Amino acid sequence: MKVSVIGSGYVGTTLAACLADLGHEVTNVDIDEDAVAAIEDGVAPIHERGLDELVAEYGGTRLRATTDYATASKANIVFIALPTPTDERGRIDTSIITAGTEQLGEVLGEAEEMPLVVVKSTVTPGTTERELIPALEETSGATAGEEFDVAVNPEFLREGSAVSDFLHPDKVVFGATADRAFETLDELYDPLVAQTDTTVVRTGVREAEMIKYANNAFLASKISLINELGNICKEFGVDAYEVADAIGLDERIGSQFLRSGVGWGGSCFPKDVAALIAAARETGYEPELLEAVVGVNDRQPERLLSLLDDHVDVEGERVAVLGLAFKSGTDDVRSSRAIPTIEGLLNRGADVVGYDPVAAENMRAQFPDIEYAESAADALDGAIAAVVVTDWDEFAALDGEFDAMKRPVVVDGRRIVEPRDGIEYEGLTW
Ligand code: UDX
């Protein structure tokens, strides 16, 4: 099939490359000329495991890129994969996606046969019907449900494993009203469904929008719940990881996402939970549980630091922050728990030295004045304490490096450092 993907961010590029891999002819449309040129040259504009190979294989052939929206009018399906950032009240800011949708509508008005328009971006329930369909109708002069259809097909991709998550999904969700929209999506995803046996969920437009939020709200809540249980475990002198291993054996609970620690960050959970809370409040419903989920997450870094306070006064002392990325395997520092951790240390008057194998440069934009070390060993050298914020494997292998510390206090927010003789080890929830 002929597919256009509007937006070449991490979702759009992954989608475009994976659909090319499934045998479709895909064109990525983006205003960013550098991203377009890169894809045309077979170079991925973003870093995602497995993406380089796909873009190298199909870029310039089955995977094309352009700045010209008009190509979308020749497609069977057009995906909208534009960002929906957070506004100052926690809601999604739809200005970018609406502007892109209007541009799309203008060219689709010229199409001989209008393609199925599929919303891939994460939007709160009702957004497609209230904002995007009217934008398409006004600019194209065509009527949804008659001359064209609109569907919602949310993504559940994790950073760092987006390609593999796309190609091995646990579900594919189609939200639409018209049978022909479901049929077009079935045809598009058929090669994937045939090779993976994944479950296809056919549902309404609002339900599809909500499934994405419910998925992320549930996972974020699961982590905040295990973090709260972990905090209680710590008070009782109980090892929260042994507790988690046991309760995870209950199939209703499941063993994943039970690693308690300094909390969740990244580009999705914080943004999506905030947007769901804001959207719920606008209806008059007060989502108290989700507010508490955010509250637990917000307090974990300070809890980590209060454990540190029990060991040492860090004022005027060098303190190493091990890990700056929001999780291992990425250089993304958005909503990383390292940010409030560093802020808390600076408020205590500490000299902060950060170390991360890949994310230091990104953190420098937030904290230009702290020191960044080239290695964990350099960060630890002379430090009175270390706090561990990201679960990089290399921290598990640290050993003699602690000997160079002024005082070997290690407060671990991810249960990654091996406690050993000669260090004062404190786990956040164990
Ligand atoms: C998440 C969702 O998993 C994905 O489905 C959605 O599309 C986007 O948001 P991602 O942000 O890439 O993906 O990160 P994920 O691997 O889910 O981790 C999120 C955060 O939770 C990280 O900060 C991680 O450190 C934390 N986490 C995860 C825990 O603290 N404990 C756990 O047990 C698991």
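All values derive from a computational prediction rather than experimental measurement.

Some details on the pairing of strand S5 (residues 116-119)
Within a regular strand, side chains alternate between the sheet's two faces.
Alright, step 1. Burial along S5 is two-sided: the residues Leu116 and Val118 and Val117 and Val119 are all buried.
Alright, step 2. In terms of strand pairing, strand S4 (residues 77-80) meets S5 through four bridges, oriented parallel. What sits directly across from Ile77, in S5, is Leu116.
Alright, step 3. Handedness of the crossover joining S4 and S5 through helix H4 (residues 95-108): right-handed.
Alright, step 4. Looking at chain direction, S5 and strand S6 (residues 150-152) are connected through three bridges and run parallel. Within S6, the residue paired with Val118 across the bridge is Ala151.
Alright, step 5. Note on the crossover from S5 through helix H5 (residues 127-140) to S6: the handedness is right-handed.

Observations regarding the layout of surface pockets
Alright, step 1. The calculated volume of the second largest pocket comes to roughly 830 Å³.
Alright, step 2. Around the second largest pocket sit 36 residues that line it, and Tyr10, Val11, Glu159, Ser267 and Arg334 are the ones nearest its centre.
Alright, step 3. Elements that contribute at least two residues to the lining of the second largest pocket include exactly helix H1 (10-21) and helix H10 (269-282).
Alright, step 4. For the lining of the second largest pocket, the class distribution of residues is nine nonpolar, 15 polar and twelve charged.

With respect to a nonpolar patch on the surface
Alright, step 1. On the surface, Leu225, Leu229, Ile232, Phe236, Val238 and Val243 cluster together into a nonpolar patch covering about 520 Å² of accessible area.
Alright, step 2. Broken down by element, the residue count for the nonpolar patch peaks at four residues, all from helix H8 (residues 205-236).
Alright, step 3. A residue is classified by how much of its surface remains accessible, and Val238, at 32% relative accessible area, is partly exposed.

Things to note about the environment of Thr203
Alright, step 1. Topologically, Thr203 is positioned in strand S8 (residues 199-203).
Alright, step 2. You can call Thr203 buried: its relative accessible area is 19%.
Alright, step 3. Measuring from C-alpha to C-alpha, the distance between Thr203 and Gly175 comes to 4.7 Å, with 28 residues separating the pair along the chain.

With respect to the site of the ligand
Alright, step 1. Close to the ligand lie 19 residues, the nearest being Leu157, Glu159, Arg259, Phe326 and Lys327.
Alright, step 2. Contacts to the ligand include Glu159, whose backbone N or O atom sits 2.6 Å from an oxygen atom.
Alright, step 3. Compared with its free state, where it exposes 670 Å², the ligand has 91% of that area covered by protein.
Alright, step 4. No other element matches the three residues that H8 contributes to the shell around the ligand.
Alright, step 5. Among the residues making up the shell around the ligand, the classes are represented as nine nonpolar, three polar and seven charged.

Here's the deal with the sheet that holds strand S13 (residues 409-412)
Backbone-to-backbone hydrogen bonds join strands into a sheet, with any given pair of strands oriented parallel or antiparallel.
Alright, step 1. Read from one edge of the open sheet, six strands run S11-S10-S9-S12-S13-S14, paired in parallel fashion. Each edge of the sheet is formed by a strand with only one pairing partner; in this case those strands are strand S11 (371-372) and strand S14 (424-427).
Alright, step 2. Direction of pairing for strand S10 (residues 351-355) relative to S11: parallel, over a ladder of two bridges. Within S11, the residue paired with Gly354 across the bridge is Tyr372.
Alright, step 3. With respect to the sheet, helix H11 (residues 288-311) is in contact with strand S12 (385-388), S13 and S14, its orientation differing from that of S13 by roughly 160°.

So, how was this worked out
- Residues numbered from 1 in each chain as written.
- Predicted model: local features only at pLDDT ≥ 70, side-chain atom pairs only at ≥ 80, totals over all residues.
- Heavy atoms only, no water.
- Buried < 20%, exposed > 50% of the residue type's maximum accessible area, 1.4 Å probe, protein only.
- Helix = DSSP H or I, 4+ residues; strand = E, 2+ residues; numbered from the N terminus.
- Pairing = 2+ DSSP bridges.
- Right-handed = clockwise from strand over helix to strand, strands pointing away.
- 1 Å grid on protein atoms, 1.4 Å probe; cavity = no way out; pocket = protein on both sides within 12 Å on 5 of 7 lines; lining within 4 Å.
- Points joined across faces, edges and corners; volume = space filled by probe spheres on them.
- Nonpolar A, V, L, I, M, F, W, Y, C, P; charged D, E, K, R; others polar.
- Patch = residues over 30% accessible without salt bridge, like charges linked within 9 Å, V, L, I, M, F, W, Y side chains within 5 Å.
- Areas by Shrake-Rupley, 256 points an atom, 1.4 Å probe, with all protein chains shown as cover.
- Salt bridge = Lys/Arg side-chain N within 4 Å of Asp/Glu carboxyl O.
- Near = heavy atom within 4 Å.
- Polar contact = N/O pair within 3.5 Å; in protein donor to acceptor, adjacent residues only side chain to side chain.
- Contact = heavy atoms within 4.5 Å.
- Axes fitted to C-alpha atoms, helices over the stretch in contact; angles between N-to-C directions.

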